[in-house]
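So the chains spell out like this:
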Amino acid sequence: MVFYLVTLCLSIILTLVYVLIWHEHFDVHFTLIFAFIPIANMGYFLRSVATSLNEAIIANYIVYLGGCFLLLFIMMCVLDRCGMSLPKEIRITFFVITIIIYASVLASNWLPIFYTSVEAEIRDGSLVLIKEYGFMHTVFYCMVVLYFLISIGALAYSFSRKKNVPNKVIIYLAIPVLITAFSYLGSKLFPRDIEPLPAAYCFAQFFFLLIVRNICLYDVEETHLDSLIETGEAGFLSFDTRMRYLGSNDAAQAFFPELREIKVDTPSENSPFLKEQALNRLQSFIDNQNNHTSFYSREGHTYLFDVDYLYDGKKRRGFRIFVRDDTKNQEYISLINRFNTVLQEEVDEKTAHIAEMHDKLILSLATMVESRDNSTGGHIKRTSEGVRILMDEIMKDNRMHITPEFRKAVIKAAPMHDLGKIAVDDAILRKPGRFEPWEFEIMKTHAAEGGRIVHEVLEGTDDEYFRKIAENVATYHHERWDGSGYPEGLSGLDIPLEARIMAIADVYDALVSKRVYKESMSFEEADKIIMEGMGKHFDKRLEPYYVAARPKLEAYYSKQE
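Rules used throughout
- Residues numbered from 1 in each chain as written.
- Predicted model: local features only at pLDDT ≥ 70, side-chain atom pairs only at ≥ 80, totals over all residues.
- Heavy atoms only, no water.
- Helix = DSSP H or I, 4+ residues; strand = E, 2+ residues; numbered from the N terminus.
- Buried < 20%, exposed > 50% of the residue type's maximum accessible area, 1.4 Å probe, protein only.
- Contact = heavy atoms within 4.5 Å.
- Pairing = 2+ DSSP bridges.
- Expected span 1.5 Å × (residues − 1).
- Bend = angle between axes of the 7 residues up to and from the residue.
- Axes fitted to C-alpha atoms, helices over the stretch in contact; angles between N-to-C directions.
- Parallel < 35°, antiparallel > 145°, perpendicular 65-115°, else oblique.
- Left-handed = near helix turned anticlockwise from the far one by under 90°.
- Phe/Tyr/Trp six-rings, centres within 6.5 Å; stacked < 30°, edge-to-face > 60°.
- Lys NZ or Arg CZ within 6 Å of the ring centre and 35° of its normal.
- Patch = residues over 30% accessible without salt bridge, like charges linked within 9 Å, V, L, I, M, F, W, Y side chains within 5 Å.
- Areas by Shrake-Rupley, 256 points an atom, 1.4 Å probe, with all protein chains shown as cover.
- Salt bridge = Lys/Arg side-chain N within 4 Å of Asp/Glu carboxyl O.
- Lys, Arg positive; Asp, Glu negative; His and termini not counted.
- Charge placed at Lys NZ, Arg CZ, Asp CG, Glu CD.
- Disulfide = S-S within 2.5 Å.
- Core = buried A, V, L, I, M, F, W, Y, C linked by side-chain atoms within 4.5 Å.

Time to look at the overall build of the protein chain. For the protein chain, the count of helices and strands is 19 helices and 7 strands. The burial tally for the protein chain puts 45% of its 561 residues in the buried class. Sequence-distant contacts in the protein chain: of pairs separated by 6 or more residues, those separated by 24 or more amount to 60%.

Right, dumping it as structure tokens:
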């Protein structure tokens, strides 16, 4: 009797400890275990002090209430801690089997299926039940073995295969499972007047307390959520599916004192605060069917609103709004943005300076090349202006779909079109007269050579777009629409547009400018040659733009004389 009284008191104390440390995130099977063990141990105590057969039988009913259900709860607890779950049908089947077995215990006075007979005798001053077992008792032991094997199998699998289940928890679970199973199946090894199960239950409680003490540490989501709530950093507002206000936590009410005055179940549209701050956000979340995040500034604070579904288990029951004071974070972001703006301005300034130096370097290189050719003084400057005038006219109606970026690149590339002349021998380049055929063949190489030089000079620069246009201008500005040009004999639209535009400006300058081997032509004569070349030398589609640009070209060249 003393043994059973001690185990009863100990089990009650351990259950009280569990109640004191209980957390809403504890698995319900833990709670059932701690509730049923004192009941089962009370049954053992009452049976030990029973003075009649009826009292002993009733106490035995209480004993088996724990005996039938505790291993089921322990098994379910093990599976839950190991991150496993049985199909709903199997769980229901196990529960029904357990109820049937317990029902057979309760019916033992009328149906000889769990006990075929039950008698009582006095031994050493204590009443002892003499029982003859029926087939349902065998079923009971089969159930005990099945639950035990499932629990051990789950623990073994988790220990060897699962990385998200702590080994410490597996060991803490294995000890009570083994002790309880051994007590169920090996009770005959103990003295006849002492049953080991009450003590085994107490041992199980102790180890389950060790588990629940650490269980939240391994539940990352819940511990972080609890930390946010405890520190007052996270506020929550809940709404049902009809957008009625269900309540809020202390943090949310500290952020927005108006919430304290709003009665639970108030429709959102009936509260000015909820209508302004919650209703639109909830509606936006419903319309977009995804997480909705927004900000709200008030009295020097910036609050982050995050809307999502409110779940009860796996079932959606409404909506929740998560609120966090994001002031410090927003101030930090604002500081970073200001810093980035200043930094970007400085980078843009430095970049512009480098680009300007780069452009001047290229222009200087082109001027140096031109200085070797005593027949084309000022050619670079004049053709660049001619290209700009043509590009401006093309951009006016923009039927050719030219971008401002393209216009800028072509104008910038124009001074580079004759860079290849740097590779031509001075004897040919500076010849004061017309070229012999063989000399002209050498002179023609400046186009391809210019493309190569531009490619090498601009290789590695960030502006790949400009590099390609400049390379095309240098290489193909002597190609002709009818395919009779050089260096590759391209024709029609195969000639890059930038080179076709450059060709008009280049030829026009050559016609109206004085060279060592010729006098300058009149604007009328030059215009006649250009117009005759449309569709042969030049792109016919550029004719209207050339015609529109002609007055400006003549005005510009008139000033150069």
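Judged from the 7 bridges that link them, strand β3 (residues 234-240) and strand β7 (residues 315-325) form a sheet pairing that is antiparallel. Looking at the pairing, glycine 235 lines up with valine 323 of β7. Bridge count for strand β6 (residues 301-312) against β7 is 10 bridges, and the pairing is antiparallel. Bridge pairing in β7 places aspartate 312 opposite lysine 315.

Let us look at helix α10 (residues 272-288). The terminal C-alpha atoms of α10 lie 24 Å apart, and with 17 residues this matches the ideal 24 Å at 1.5 Å per residue to within 8%. Most pronounced at alanine 278, the bend in α10 amounts to some 40 degrees. Within the span of α10, buried status applies to Phe273, Leu274, Gln277, Ala278, Leu279, Arg281, Leu282 and Phe285. Buried positions along α10 lie against β3, β4 (245-248), β5 (292-298), β6 and β7.

For β3 and β4, the ladder comprises 3 bridges, and the chain directions are antiparallel. Along β4, the bridge assignment pairs serine 238 with glycine 247.

The next subject is the sheet that holds β6. As summarised here, the arrangement of the 5 strands in space is β4-β3-β7-β6-β5, forming an open sheet in which the pairing is antiparallel. Edge positions in the sheet fall to β4 and β5, since each of these pairs with one other strand and no more. Shown here is a sheet whose adjacent strand axes are inclined to one another by a mean of 25 degrees, direction ignored. Lying on the sheet, α10 is in contact with β3, β4, β5, β6 and β7; it crosses β5 at an angle near 160 degrees.

One way to put it is that helix α1 (residues 2-21) packs onto helix α2 (residues 28-48) with a least axis distance of 9 Å and a crossing angle of 160 degrees. Here α1 is positioned roughly antiparallel relative to α2, judged by the angle of their axes. The way α1 lies across α2 gives a crossing that is left-handed. Between α1 and α2, the contacting residues are Tyr4, Leu5, Thr7, Leu8, Ser11, Ile12, Leu14, Thr15 and Tyr18 on the first element and Phe30, Thr31, Phe34, Ile37, Pro38, Asn41, Met42, Tyr44, Phe45 and Ser48 on the second.

Before going further, it helps to spend a moment on the packing of aromatic side chains. Here the distance between the centres and the angle between the planes together describe a pair of aromatic rings. Enumeration over the complete set of coordinates arrives at 34 aromatic pairs. Ring geometry for phenylalanine 440 versus tyrosine 486: centroids 6.2 Å apart, planes at 85 degrees, classification edge-to-face. Here phenylalanine 440 is found in helix α15 (residues 437-458), whereas its partner tyrosine 486 is found in the loop between α16 (464-476) and α17 (497-512), with 46 residues between them in sequence. When its relative accessible area of 37% is taken as the criterion, phenylalanine 440 is described as partly exposed. Pairwise contacts between aromatic rings join Tyr64, Phe114, Tyr115, Tyr133, Phe140 and Tyr141 into one cluster. In this arrangement the basic side chain of arginine 281 is found over the ring face of phenylalanine 305, its NZ or CZ atom lying 4.0 Å from the centre. Stacked on the ring of tyrosine 309, the Lys or Arg arginine 316 has its end atom at 3.7 Å from the ring centre.

On the surface, Glu345, Glu346, Asp348 and Glu349 cluster together into a negatively charged patch. Here glutamate 346 shows up in helix α11 (residues 327-372).

Next up on the list: the packing of α16 against α17. For any two helices packed against each other, the geometry is given by the interaxial angle and the distance between the axes. At a minimum axis distance of 8 Å, the contact between α16 and α17 shows a crossing angle of 50 degrees. Taken together, the axis directions place α16 and α17 in an arrangement best described as oblique. In this structure, the crossing between α16 and α17 has a hand that is right-handed. Of the residues in α17, those in contact with Ile469, Asn472, Val473 and Tyr476 of α16 are Glu498, Ala499 and Met502.

Among the surface-exposed residues, Met1, Val2, Val6, Ile39, Met42, Leu46 and Val49 lie close enough to one another that they form a single nonpolar patch of about 570 Å² accessible area. Put simply, the parts of the chain that give the nonpolar patch at least two residues each are α1 and α2. Take the nonpolar patch: its biggest share by element is 3 residues, from α2.

Moving on: the state of the cysteines. Enumeration according to the criterion identifies 0 disulfides in this entry. You can see cysteine 202 has no disulfide; the closest cysteine sulfur is in cysteine 9, sitting 9.7 Å from it.

Our focus in this paragraph is the nonpolar core. Formed by 60 residues in total, the largest nonpolar core has its most connected members in Phe140 and Phe208. Among the secondary structure elements, those contributing two or more residues to this core are α1, α2, α3 (53-81), α4 (88-106), α5 (135-161), α6 (167-185) and α7 (197-215). If one sorts the elements of this core by residue count, α3 sits on top with 16 residues. Those residues in contact with phenylalanine 208, other than ones at most four positions away along the chain, are Phe30, Ile33, Phe34, Ile74, Cys77, Leu173 and Pro176. Counting residues in hydrophobic clusters, the runner-up holds 45 residues, among them Met416, Ile469, Ile501 and Phe523.

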